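Structure at a glance
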Amino acid sequence: MRYWLMKSEPSDCSIDDLAAMPNQTVAWYGVRNYQARNFMRDMMKVGDLAFFYHSSCPRPGIAGIVCVASPPYPDATQFDEKSRFFDPKSSQEEPRWHNVDVRLVEKTPFVDLATLKEQETLAGMRVLQKANRLSITPVDAEEWRTITTRLMAPKKQP
DNA sequence: GCCAACGTTGGC
DNA sequence: GCCAACGTTGGC
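These numbers were taken from a predicted model, which means no experiment stands behind them. (Residues numbered from 1 in each chain as written. Chains lettered and ligands numbered in written order. Predicted model: local features only at pLDDT ≥ 70, side-chain atom pairs only at ≥ 80, totals over all residues. Heavy atoms only, no water.)

**Describing the sheet that holds strand β1 (residues 3–8)**
- Read across the open sheet, the 6 strands follow the order β2-β7-β4-β3-β1-β8; overall the sheet is mixed. Single-partner strands in this sheet number two, and they are β2 (25–27) and β8 (136–139). On average, each strand axis in the sheet is tilted by 35 degrees relative to the strand beside it, whichever way the strands run.
- In terms of strand pairing, strand β3 (residues 49–54) meets strand β4 (residues 61–68) through 6 bridges, oriented antiparallel. Within β4, the position partnered with A50 by the bridge is V66. (Pairing = 2+ DSSP bridges. Helix = DSSP H or I, 4+ residues; strand = E, 2+ residues; numbered from the N terminus. Axes fitted to C-alpha atoms, helices over the stretch in contact; angles between N-to-C directions.)

Take a look at the structure:
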């Protein structure tokens, strides 16, 4: 199984929004980047775990853990003319974009971006690289362990 | 709101 | 197939 980090703008879907969803599950629609799509379409397996990351917000960082809850399937919004994710170049016969469903595993103590950057062992994380814009990135087992065991231990909030 | 970095597009 | 222009991302 693999580990991932998936970005979401909390104004769009926050960890609390996810917690309020039926089955605490949401379709990860709207990805329009081929690399990120390929991760979902070709690499993700049901049961993979991912950090749920809040981006483009006052306090970016990891807000929880989710799991991959479905195989990949065509992203419905690419066919919807009213959606901001509508893609006129896609077709039902040959859908261009795919997504998986994601289910909340747990809301964790918040690990903000500044804290992630402080960890020497995390210096190689994709999401910490300069100008990284990929909304889905692989996380290796060592990085996962560092974050979950060292940074997510309950502690007082700053 | 700024800006750097990057992906995509489209003319040639 | 190159590459300039453009749009988007995302931290600050």
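**Focus: the nonpolar core**
- One finds W28, M44 and I136 to be the most contacted residues of the largest nonpolar core, which totals 23 residues.
- For this core, the secondary structure elements donating two or more residues are β1, α2 (15–20), α3 (34–43), β3, β4 and β7 (101–112). (Core = buried A, V, L, I, M, F, W, Y, C linked by side-chain atoms within 4.5 Å. Buried < 20%, exposed > 50% of the residue type's maximum accessible area, 1.4 Å probe, protein only.)

**With respect to the protein's contact with DNA strand C**
- Taken together, K7, Y53, S55, S56, P60, L113, K117, N132 and R133 make up the full set of residues adjacent to DNA strand C.
- Counting only the atoms of DNA strand C within 4 Å of the protein, the fraction contributed by sugar and phosphate is 76%.
- A distance of 2.8 Å separates a phosphate oxygen of DNA strand C from a polar atom in the side chain of Y53.
- By residue class, the composition of the surface near DNA strand C is 3 nonpolar, 3 polar and 3 charged. (Near = heavy atom within 4 Å. Polar contact = N/O pair within 3.5 Å; in protein donor to acceptor, adjacent residues only side chain to side chain. Nonpolar A, V, L, I, M, F, W, Y, C, P; charged D, E, K, R; others polar.)

**Points about the UniProt feature "domain: EVE" (unreviewed entry) in chain A**
- UniProt tags residues 2–148 as "domain: EVE" (unreviewed entry).
- Helix makes up 23% of residues 2–148 and strand 29%. Its end C-alpha atoms lie 15 Å apart. (UniProt positions renumbered as here; feature names shortened; annotations may be inferred.)

**Things to note about helix α5 (residues 141–151)**
- For α5, the full list of buried residues reads E143, W144, T146, I147 and L151. Around the axis of α5, the buried residues are gathered within 165 degrees of arc, so they sit on the same side.
- For α5, the secondary structure elements touched by its buried residues are β1, β3, β4, β7, α4 (113–118) and β8.
- The N-cap of α5, judged by a side-chain oxygen 3.1 Å from the amide nitrogen of E142 a few residues on, is D140. (Arc of directions from axis to C-beta. Contact = heavy atoms within 4.5 Å.)

**Observations concerning the protein's contact with DNA strand B**
- The immediate surroundings of DNA strand B are formed by Y34, K89, K130, A131 and R133.
- Within 4 Å of the protein, the atoms of DNA strand B are drawn from sugar and phosphate moieties in a proportion of 76%.
- Taking K130, its side chain carries an N or O atom lying 3.4 Å from a phosphate oxygen of DNA strand B.
- R133 is positioned such that a nitrogen or oxygen atom in its side chain is 2.5 Å from a base oxygen of DNA strand B.

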